[in-house]
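# Breakdown of the fold
Single-letter residue listing:
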Amino acid sequence: DTSADPSQQEAKQREAEIRNTILAQVLDQAARARLSNLALVKPDKAKAVENYLIQMTRFGQLPGKVSEQGLIEILEKVSQQTEKKTTVKFNRRKVLDSDEEDD
């Protein structure tokens, strides 16, 4: 088990390097800074945006480098897709209350 652990770490490190390389090619400096700031606050949302950008890159859907404004638009799209609807449901308990008194 201990011999498999370093290889898994290497694979994760290689994957992270590939992700960073792709993102560096796709994003301009301001967009990259915004994404890293987002990763500090909401890592799950930043990961979703990274995955979205990498997927678009692999399918050739990005015409050029994404600017900060373009990244903001992508963030809005991802936020709308992952938005959780909050619903409040009242469960009223019926209390056994009768007008008749038991003697």
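Residues numbered from 1 in each chain as written. Predicted model: local features only at pLDDT ≥ 70, side-chain atom pairs only at ≥ 80, totals over all residues. Heavy atoms only, no water.

## Topic: the packing of helix H3 (residues 43-58) against helix H4 (residues 68-82)
H4 packs onto H3 with a crossing angle of 110 degrees between their chain directions and a minimal axis gap of 10 Å. By the angle class used here, H3 and H4 are roughly perpendicular. Crossing angle aside, the handedness with which H3 passes H4 is right-handed. Residues Lys45, Ala48, Val49, Tyr52 and Leu53 of H3 lie in contact with H4, whose contacting residues are Leu71, Ile74, Leu75, Lys77, Val78 and Ser79. Partitioning the contact of H3 with H4 into residue classes produces 8 nonpolar, 1 polar and 2 charged. (Axes fitted to C-alpha atoms, helices over the stretch in contact; angles between N-to-C directions. Helix = DSSP H or I, 4+ residues; strand = E, 2+ residues; numbered from the N terminus. Parallel < 35°, antiparallel > 145°, perpendicular 65-115°, else oblique. Left-handed = near helix turned anticlockwise from the far one by under 90°. Contact = heavy atoms within 4.5 Å. Nonpolar A, V, L, I, M, F, W, Y, C, P; charged D, E, K, R; others polar.)

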